[in-house]
Amino acid sequence: MELIFAPEVNLDELIQGPTYSVVERQRLGILGLLPAAVRTDEEEIARCKANLDRLTDDLDKYIYLAHLQDANERLFYQLLNTNVQEFMPLVYTPVVGLACQNFSLIFNKPPRGLFITIYDKGYIYEILKNWPEQDIRAIVVTDGERILGLGDLGANGMGIPIGKLSLYTALAGVKPSQCLPITLDVGCNTQSILDDPNYLGLRQRRITGPEYDEFLEEFMYACVRRFGRNVLIQFEDFGNHNAFRLLAKYRDDFCTFNDDIQGTASVAVAGLLASLKVTGTRLSDHTILFQGAGEASIGIANLCVMAMKKEGTSDKDAKSKIWLVDSKGLVVNNRPEGGISGHKQHFAKDVAPIRELGQAIKTIKPSILIGASAIGGAFTAEILQDMAKFNKQPVIFALSNPTHKSECTAEQAYTHTDGNAIFASGSPFDPVTYKGKTFEPGQGNNSYVFPGIALGVICAGAKVITDELFLISAQALADQVRETDLDVGRLYPPLQSIKDISVKIARAIVEEAYNTGVASTFPKPCYIEEFIRCQMYDTSRAQVLFPEYSYPKL
Ligand SMILES: NC(=O)C1=CN([C@@H]2O[C@H](COP(=O)(O)OP(=O)(O)OC[C@H]3O[C@@H](n4cnc5c(N)ncnc54)[C@H](OP(=O)(O)O)[C@@H]3O)[C@@H](O)[C@H]2O)C=CC1
Ligand SMILES: CC(=O)C(=O)O
Ligand SMILES: [Mg+2]
């Protein structure tokens, strides 16, 4: 047999590992660099699973998967797609929280994202040029100040943009080469992190004020200059004091959204719309109480108002049905403790102050209770029992992440309401069997919507992302919920069908983008769903083809 060797071996060529055929190995000049077996994708996925099964520690599993993503991205996404339900908690919440807390320890050399520090001010465009890919369509950016419910993790927050963008690909087929995770390192205010000898970020307290704002401004313009006007910039896990004002500042001129405010609103309203099918009510019939009055709660509250207005309720009446509890108690006008910012002000009521959540519930008797305060266990047995006392089927969402920050567990929700709760949570819980019925609660997490929204925005070349798009996505998601889901207490469609769900969301986004004149992909595709599917990442392996050919006789 005649062997053909390439003059120089490119180790990148090994990326497909043992799935290369012998002929491919010869042609690529990598013969001998792999063991003899020529394997199918399925066999390689099984090998990855066997490796994961050997590991007992979640962080070790995260590290294994991160290495797989670096070594063989295609296989990584194939593996995730074999069982999204099983693998999502390992690349996303809750384990991504653990990974962020240990990020400096587990950081590995291959760059999965860009770190841009406050000292890079003036050179952000040049740093963006260091990223090897040119055709970036989506950026997820954090400054690490509010990572899940874990607080300020500084540069360790990088796990979040990486994890979110992995879901862009795994859940909605956005091409990984078009995604760029970015951490803006402006310091960290968590002393234990600054004291950690392994910490890899800037070892200083956070820069704030005009210097921070100028840095963000330069970042936004540098992204557009480098990757084009339509590059999607998703803000993730910024501190409350920056999140709202940056969204307000950039939303009309950039293709941007804040996932914690707007994505969360969309997924929560989707869950509420699905719950209406169970209770046979309208959203406007409900009284909603939020534990927490931050990015997530205010975002959801505002979108609930939009949804109620669609039902014909006035703005004033809709707002009157929504109550907030923050760290100082019920959000009421003239509260002695003050602290009612502009966003909370819309929902502040003219009633006597109440300090405790439990007391607020006894007084207001809400039919929907939503937790987004990062106070684990805030929904006590008594609170859950009260919700069941006041309502035949209380809606209870414990949205805080990761799992130990959840306001209650699924088991607590069902047990303390005698199995009557309509429940969803930000981080996943295992099925619960109560009095012979097995509940499989759904995950009220923005991950159900942001990948599909991003896919739609990218396909349409949307110039801006309006609030209307988040309500449309909520409706598109709720429309996917079947009787069989509701029967097991799930307000969301099964995760296993998430790619099709994302396409439906994307389709709704694309149609709306054209209808409202914010699309810029022309000509408008005739068959929108087919067009979207054609843009999606294909995990099947590109064959290294060497067609037989010969020169014509000279
Ligand atoms: N499931 C999902 O998809 C999402 C979940 N989340 C989760 O929601 C949580 C909050 O996130 P986010 O809204 O962005 O954070 P913010 O920091 O913006 O808001 C937190 C809110 O909680 C309030 N709070 C703090 N302590 C208490 C307390 N003891 N009692 C009542 N309220 C309290 C704060 O009050 P004050 O205003 O007085 O400071 C603030 O209003 C996090 O755990 C996050 O992981 C967030 C986004 C998406
Ligand atoms: C899910 C999410 O975005 C958060 O917890 O911050
Ligand atoms: Mg977030």
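Definitions and limits used
- Residues numbered from 1 in each chain as written.
- Chains lettered and ligands numbered in written order.
- Predicted model: local features only at pLDDT ≥ 70, side-chain atom pairs only at ≥ 80, totals over all residues.
- Heavy atoms only, no water.
- Core = buried A, V, L, I, M, F, W, Y, C linked by side-chain atoms within 4.5 Å.
- Buried < 20%, exposed > 50% of the residue type's maximum accessible area, 1.4 Å probe, protein only.
- Contact = heavy atoms within 4.5 Å.
- Donors = N, O, S within 2.8 Å, 3.2 Å for Na, K, Ca; no water.
- UniProt positions renumbered as here; feature names shortened; annotations may be inferred.
- Helix = DSSP H or I, 4+ residues; strand = E, 2+ residues; numbered from the N terminus.
- Near = heavy atom within 4 Å.
- Polar contact = N/O pair within 3.5 Å; in protein donor to acceptor, adjacent residues only side chain to side chain.
- Areas by Shrake-Rupley, 256 points an atom, 1.4 Å probe, with all protein chains shown as cover.
- Nonpolar A, V, L, I, M, F, W, Y, C, P; charged D, E, K, R; others polar.
- Phe/Tyr/Trp six-rings, centres within 6.5 Å; stacked < 30°, edge-to-face > 60°.
- Lys NZ or Arg CZ within 6 Å of the ring centre and 35° of its normal.

Moving on: the nonpolar core. By size, the foremost hydrophobic cluster in this structure holds 158 residues, and its most contacted members are Ile116, Ile139, Tyr168, Ile182, Phe219 and Ile322. Once you skip the residues sitting within four places of it in the chain, Tyr168 turns out to touch Ala138, Val140, Gly173, Val174, Cys179, Leu232, Gln234, Phe257, Phe450, Pro451 and Ala454. Membership of the second largest hydrophobic core comes to 28 residues, among which are Ile354, Ile396, Phe423 and Val432.

Every protein donor of the magnesium ion (ligand 3) is accounted for by Glu236 (OE), Asp237 (OD) and Asp260 (OD), and the metal-donor separations fall at 2.0 to 2.1 Å. Counting residues between consecutive donors of the magnesium ion (ligand 3) along the chain gives the motif E-D-x22-D. Judged by its relative accessible area of 1%, Glu236 is buried. A residue is classified by how much of its surface remains accessible, and Asp237, at 2% relative accessible area, is buried.

UniProt tags residues 69–251 as "domain: Malic enzyme N-terminal" (unreviewed entry). Summarising residues 69–251: 47% helix, 11% strand, and an end-to-end C-alpha distance of 32 Å.

This paragraph deals with the site of ligand 1. Every one of the 27 residues lining ligand 1 counts as a neighbour, but Arg146, Asn240, Ala293, Ser327 and Lys344 are closest to it. In the model, an oxygen atom of ligand 1 is placed 2.7 Å from a nitrogen or oxygen of the Asn240 side chain. Between ligand 1 and the protein, one listed contact pairs an oxygen atom with a side-chain N or O atom of Lys344 at 2.7 Å. In isolation ligand 1 exposes 920 Å². Once the protein is present, 83% of that is buried. Breaking the shell around ligand 1 down by element, the ones donating at least two residues are helix H13 (259–279), helix H14 (295–310) and strand E7 (322–326). Residues of the shell around ligand 1, tallied by class, amount to eight nonpolar, 14 polar and five charged.

Take the packing of aromatic side chains next. By the definition in use, this model includes 15 aromatic pairs. Seen in terms of ring centroids, Phe76 and Tyr77 are 4.8 Å apart; in terms of plane orientation they differ by 75°. Their pairing is edge-to-face. Residue Phe76 is classed as buried on the basis of its relative accessible area of 1%. Residue classification places Tyr77 among the buried positions, given a relative accessible area of 2%. Between Tyr221 and Phe254, the ring centres sit 5.2 Å apart and the planes meet at 80°, which makes this aromatic pair edge-to-face. With Tyr221 in helix H11 (residues 209–227) and Phe254 in the loop between helix H12 (240–250) and strand E5 (256–258), the pair connects residues that are 33 residues apart, well separated along the chain. Through a chain of ring-to-ring contacts, three or more aromatic side chains come together here, namely Tyr414, Phe423, Phe429 and Phe439. Geometry around Tyr125 places Arg225 over its ring, the cationic atom sitting 3.6 Å from the centre. If you follow Lys365 out to its NZ or CZ, it ends over the ring of Phe390, 5.1 Å from the centre.

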